[in-house]
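# Secondary and tertiary structure notes
The residues making up each chain are set out below.
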Amino acid sequence: MPTKSVPQPKLVFEKSVPGRIGCNLPRTDTPEVDVAAAVGAVRDSVAWPEIAELDVMRHFVNLSHINYGIETGFYPLGSCTMKYNPRINEKTAALTGFSHTHPMQPEATVPGNLEVVRQVEDILAEVTGFDEVSMQPVAGAHGEMTCLMLIKAYHESRGEGAQRHTVLIPDSAHGTNPASAARCGYDVKSVSTNAEGNCDIDSLKAALDGSVAAFMVTNPSTLGLFEPEIAEICRLVHEAGAQVFCDGANMNAMVGTTRPADHGFDCMHLNLHKTFSTPHGGGGPGCGAIGVRSHLEPFLPGPVLKRVDGVAVYDHDRPLSVGRVSGFHGQFLMAVRALTYLLAYGKEGLPDISRYAVLNANYVQARLRDHLPPAHDRPCMHECVLTATPYKKLGVRALDLSKRLIDHGFHPPTNYFPLIVPEAFMIEPTETEAKETLDAFCDALVAICEEAKTDPEALHNAPVTQVVGRLDEAAAVKNLDVRWTPAREPAKV
Amino acid sequence: MPYIPHTEEDTRSMLATIGVRSIDELFREIPDDLRLKRPLDVPSALDEAQLYSHLKELSERNVDLTKTTCFLGAGIYDRYVPSTVGAVLSRGEFLTAYTPYQPELSQGYLQTIYEFQTMVAELYGMDVANASMYDGPTAMAEAAVMAHGLRGRDKVVVSRAVHPHYRQVLETYCWSLGVEVVELAADSGATTGFAGLDEASACLVVQTPNFFGVVEDLAAARAAADAAGAMLVVVADPTAAALLPTPGSFGADIVVGEGQPLGIPMGYGGPMAGLFACKREYVRSIPGRIVGRTHDAAGRSGFTMTLRTREQDIRREKATSNICTNEALMALAATVYMTSVGKNGVRRVAEDTVRNTQYAISVLTKAGGRLKFAGKVFGEFVLSLPKPAAVVRDALLDHGVLAGLPLGPYYPGMEDDLLVAVTETRTKAQIDHYAACLAEVLK
C-alpha cells in the first residue's frame with residue numbers, strides 16, 4: 001500500500017501573523033466610550049490566531065481532507081448507526097425561521113418551533129408505542145440519565161426511594177448505562193448473558209429483590225440479537241416492583257416492526273443521531289429524546305409540550321417534574337432534521353429502514369462467516385457481532401484487522417465491544433449502503449484475513465496509508481500535551 | 001424508498017446468499033405477539049420539494065430575529081457569525097464523522113479539538129479545557145458534581161445571580177445524587193454575602209457577568225471559597241471573557257460557559273456547546289473527552305483522545321461522567337469562529353458590545369426606564385419600568401422590537417424589570433428606534 005504523502009499540518013497558531021484578521025466584522029456607529037471606565041478592569045489581549053480569511057478556509061478545508069466521514073466512505077461502526085445524513089435535513093435546519101429564533105422568545109412568537117417539536121414527539125410516540133415523548137435530553141447518555149431520574153422520582157413518590165438503590169445492568173451493556181446509573185446515585189449490579197446470547201433469566205431472578213429500582217435493557221442487545229424473552233423479563237421486573245428501561249441505541253432494527261412499549265418497557269431513550277439520521281458531527285450533537293408510559297409522565301423534565309385544541313403549547317405547571325435537565329428546549333435544530341427525515345419516509349417507508357438495515361447486517365454476517373465466525377450463530381438484527389479469535393494464535397488481534405481495513409479505504413467496525421465477546425468485531429452496515437459497497441468491504445476483509453496467515457506483520461504495521469500510523473497512546477497519557485503554548489513547547493500537565 | 005439503494009435484484013441475491021426466502025424471515029426471532037401488525041399511524045411520505053415547503057411553512061409561522069430587532073439575551077446572544085463557520089461545518093468529512101475512535105482516520109477533527117481546547121483555556125486564563133460539554137447549564141452542573149467528588153462534600157453553594165435555568169439544571173443533577181444546593185442572595189444585582197458557604201460546601205458557583213449583566217467581584221468570591229476550603233466554579237460569558245480580567249487570574253478552580261456566542265446559531269437554544277476549563281491538578285477528574293498530542297512509531301506528531309480511563313466506555317460506573325456523545329460539531333463552529341475573529345476581532349466584538357450597551361442605557365433611561373443596579377455591566381442590564389415588563393415587552397413586539405426578558409417569572413418582586421441585551425450587531429438606529437417606541441409605550 002502506498003503511504004500517503006500528505007505533509008504534517010501546522011497548528012493554526014503556527015500560521016498566525018500579528019495584525020491579520022479572518023473575517024469582516026460589523027462596524028458599530030454608536031458613540032465611542034471609555035471601555036475600561038464602563039466595565040472596570042480589563043485583561044491583556046486573548047492569544048487567538050491572527051489569520052486572513054482565505055487562510056482560515058484553507059486551514060480547515062485541508063484538515064477536513066485528513067478526516068473520514070460517512071460521505072467519505074463506508075463507516076460500519078457497530079452500535080453507532082452511521083447511516084446517510086440526508087442533505088435536505090441540513091437545508092431545512094438552516095431555514096432562517098428556525099435558526100434565528102431565541103429560546104426565551106415569547107411562546108406566542110414561535111408556534112412553528114413548537115409544532116415541529118410536537119410533530120416529532122407524536123411520530124416518535126407512535127413508532128415506540130409510548131404515551132409521551134420529551135425532546136429535552138440532548139444526547140443518548142443524557143436521555144438514559146433522565147429516564148433513571150424519572151424512575152427515581154417515581155419510586156420516591158411511592159415512598160420507596162431510599163429502599164430501591166440498585167440498578168441492574170446486563171454484562172453486555174454500553175458503558176453509558178452503568179455510568180448514568182452512578183450519575184443518579186445508584187449502585188450497579190451486573191446480570192449475566194447466557195450461552196445463546198440472551199439475558200440469563202436465572203441471573204436476573206437471583207438479583208431481583210426489594211432494593212432494585214430498575215433494569216436497563218438494550219433491545220436488540222449489543223450482541224445484535226433480539227431478546228426473545230423480553231416480555232417475560234419485563235413481567236419479572238415489574239413483579240419485583242422495579243421499572244424497566246430500554247436503551248434505544250438499537251432502535252434502527254425495530255422501526256415499524258415492533259415497539260418497545262409493547263414489549264413491556266416503562267421508558268426508553270432514542271438517539272436521533274442514530275436511527276433518525278441527524279449527523280454525528282464528529283462526536284455530537286446528539287439528541288436523546290425519551291419515551292415514557294403515562295405513570296412516568298408527571299415526572300418528565302419541564303416544561304412539557306402538550307396539544308391543547310390541536311395547538312402545541314408548553315405546560316409549565318409540573319409540580320412532580322424532576323426539573324430541567326438542559327438549558328432550553330433540547331437540540332431543537334436536530335428535531336427539525338429528524339422531522340424532515342421522518343416525513344421523507346412516512347407511513348409507507350418507515351418500516352423499510354429496519355427491513356433493509358437487518359438485511360444488510362445478515363448479508364455481511366453470511367459473507368464473512370467462514371472467516372470471522374458470528375459470536376452467536378443466529379439471525380442478527382441491524383448489526384452482527386463476529387469474533388476474530390481464529391487469528392489470535394497467529395498473533396493477530398481484532399484491532400490489527402481493523403487497522404488494515406483503513407489501508408483498504410474503510411472505516412473499521414467497533415472492536416472489543418461488547419466486552420463479553422472475545423476479539424469482538426461489531427459491524428453495523430445500516431440500510432443506506434448498497435450491495436456493491438458491502439461486497440467491496442467483505443472482499444477487503446476476507447483478503448486481510450488471508451493476509452493474516454501469510455504476512456501478519458503487514459497487519460501489525462497498519463495503517464500505512466494515512467498521515468500518521470498507529471499513535472503511542474501511552475505516551476499521550478504520560479507526557480500529557482492537551483494545549484499548545486506560545487513557547488512552542490508542549491505544555492506538560 | 002428514499003436513501004435505500006437496494007434494487008429488487010440486489011435484495012433477491014442477498015437473500016440467496018443469506019439462505020432465506022424473504023426479509024420477514026430475518027425477523028423470526030421476534031415473538032409473533034410482539035410484532036406490530038398494522039401500518040404506523042403517521043403522516044404519509046413527502047418528496048424532497050414537499051419536505052422543503054412543509055418545513056419552510058412551519059418556519060415562517062415564527063417571528064424570527066430577522067423580522068424583529070433582538071434585545072433579548074439571557075445567556076443566548078444575537079452575535080455575528082462569520083461566513084467561514086457555516087462553510088466549514090457543511091463539509092461532509094466533519095459533519096458526517098463520529099467520535100475519533102480511530103485516530104489515524106480522524107487527524108483533521110482531532111487537531112481542531114486540540115486547537116479548541118487551547119483557545120478555550122487561553123480565553124479563560126486556565127491551564128486545560130476539555131473537548132466540549134452539552135451546553136453551559138449542564139457544564140456548570142458537571143463542574144459542581146466534579147467538585148462534590150473531589151472535595152467529598154455534599155453541599156453546593158450558588159449565587160441567585162446565576163442564570164435561573166442554570167440553577168434549575170444544577171438542582172436536578174444534585175437532587176439525583178443527594179447533594180444539597182444552597183442559594184446566596186443577590187438583591188443588589190451582585191453576590192454580596194457568602195453566608196451559607198461553610199466547611200460542608202464542595203464549591204461556590206458564581207457567574208460573571210451575572211444574569212443581570214453585572215460584573216461580579218471574583219476576588220471576594222475566591223476569598224470566601226478559600227475561607228470555607230471550597231472550590232470556586234465560575235460561569236463566564238465567552239465574549240465578556242475576552243475583555244474582563246480572566247477567571248483564572250482570580251484563581252478559579254473550574255470555569256464553564258455557554259459556547260453559543262462563539263459562532264453558533266441561536267437555533268431556539270440547541271444545539272449549543274458547553275465550555276469547560278480547569279486547573280491542571282484536576283485534569284484527571286474532568287468529565288467528557290480530552291484530545292492530546294503524541295507521536296507514531298515513525299516519530300510523526302499526531303493527535304488522539306487521551307486520559308480515556310476517565311470515560312464511561314472504559315470505567316463504566318466509576319467514570320468521571322456518563323458523557324459519550326458531546327458537541328464536537330458545535331465546538332468546531334467555535335474553533336472556526338475563534339480563528340476567524342481572532343485576537344484582534346474578539347476584542348473589537350467585546351468593546352463594540354460595551355459601546356452599544358452604554359448607548360442603549362443612555363437612551364432607554366431617557367425614554368422612561370431606570371437602571372436597576374449600580375454595578376458595572378458588560379453587554380446586558382436590568383431596566384426598571386413604570387409598568388409591568390411583560391406588558392411593555394408585548395407592546396414593543398408590535399413595533400418590531402424584541403425588548404428583552406421580563407424578570408418577574410424568575411425573581412418574584414421584579415415584575416416591572418426587563419433584562420436588556422445589546423450585542424455588537426445592534427446599530428444606533430435600531431437602539432434609537434427601541435428608545436422611541438419605549439417612550440411611546442410608556443406614555
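The structure presented is a predicted model; accordingly, all values stated were derived computationally and were not measured.

Assigned secondary structure in chain B consists of 13 helices and 15 strands. Expressed as lengths along the three principal axes of its C-alpha atoms, the size of chain B is roughly 80 × 50 × 50 Å. In chain B, which comprises 443 residues, the share counted as buried stands at 66%. Sequence separation of 24 or more characterises 70% of the internal contacts of chain B that already satisfy a separation of 6 or more. For chain B, the exposed surface amounts to about 13800 Å²; the carbon and sulfur share of it is 51%. Looking at chain B, you have 41 positive and 52 negative side-chain charges, and the mean spots of the two groups are 4 Å apart.

In this assembly, 189 residues from chain B lie in contact with 206 residues from chain A. For the pair chain B and chain A, the two sides together bury roughly 17500 Å², of which 65% comes from carbon and sulfur. Summed over the shared surface of chain B and chain A, the number is eight salt bridges. Between K403 of chain A and E104 of chain B there is a salt bridge, and its shortest N-O distance comes to 2.8 Å. Applying the counting criterion to the chain B and chain A interface returns 96 residue pairs in polar contact (both at pLDDT 80 or more). With 25 residues, the top contributor of residues to the side of chain B that touches chain A is helix α11 (residues 328-366) of chain B. Classifying every residue of the side of chain B that touches chain A by side-chain character gives 94 nonpolar, 56 polar and 39 charged.

Turning our attention to unusual backbone geometry. All names here are of chain A. Cis rather than trans, the peptide bond between N219 and P220 has omega equal to -10°. If you trace the backbone, P220 turns up in the loop between β4 (212-218) and α9 (230-239). Across the junction of G302 and P303, the peptide omega takes the value -10°, indicating a cis bond. For S79, which is not glycine, the phi torsion reads 80° and is therefore positive. Checked against the element boundaries, S79 lands in the loop between α2 (53-65) and α3 (87-93). Among the residues examined, S79 registers a relative accessible area of 5% and is labelled buried. Located in the positive-phi region is T430, a residue other than glycine, with phi close to 70°. Locating T430 in the fold gives a position in the loop between β12 (424-427) and α13 (435-454).

Scanning all chains against the criterion turns up 21 aromatic pairs over all chains. Here F332 of chain A and Y268 of chain B contribute two aromatic rings whose centre-to-centre distance is 5.3 Å and whose plane-to-plane angle is 80°, an arrangement assigned as edge-to-face. On the criterion of chain membership, the pair formed by F332 of chain A in helix α11 (residues 332-368) and Y268 of chain B in the loop between β7 (254-258) and β8 (274-278) is interchain, its members lying in two chains. Note on F332 of chain A: relative accessible area 0%, which makes it buried. With 4.8 Å between their ring centres and 50° between their planes, Y114 of chain B and F303 of chain B make a pair best called tilted. Placement of the pair is Y114 of chain B in helix α5 (residues 107-124) and F303 of chain B in strand β10 (residues 301-306), with a sequence separation of 189 residues. Each residue in the set F211, F212, F373, Y410 and Y411 of chain B is aromatic and connected to the rest through ring pairs, giving one cluster. In this structure, K91 of chain A packs its charged tip against the face of Y52 of chain B, placed 4.8 Å from the ring centre. Above the plane of the ring of F71 of chain B lies R426 of chain B, whose end atom (NZ or CZ) is 6.0 Å from the centre.

Quick notes on the rules
- Residues numbered from 1 in each chain as written.
- Chains lettered and ligands numbered in written order.
- Predicted model: local features only at pLDDT ≥ 70, side-chain atom pairs only at ≥ 80, totals over all residues.
- Heavy atoms only, no water.
- Helix = DSSP H or I, 4+ residues; strand = E, 2+ residues; numbered from the N terminus.
- Buried < 20%, exposed > 50% of the residue type's maximum accessible area, 1.4 Å probe, protein only.
- Contact = heavy atoms within 4.5 Å.
- Areas by Shrake-Rupley, 256 points an atom, 1.4 Å probe, with all protein chains shown as cover.
- Lys, Arg positive; Asp, Glu negative; His and termini not counted.
- Charge placed at Lys NZ, Arg CZ, Asp CG, Glu CD.
- Buried area = accessible area lost by both parts, 1.4 Å probe.
- Salt bridge = Lys/Arg side-chain N within 4 Å of Asp/Glu carboxyl O.
- Polar contact = N/O pair within 3.5 Å; in protein donor to acceptor, adjacent residues only side chain to side chain.
- Nonpolar A, V, L, I, M, F, W, Y, C, P; charged D, E, K, R; others polar.
- Phe/Tyr/Trp six-rings, centres within 6.5 Å; stacked < 30°, edge-to-face > 60°.
- Lys NZ or Arg CZ within 6 Å of the ring centre and 35° of its normal.

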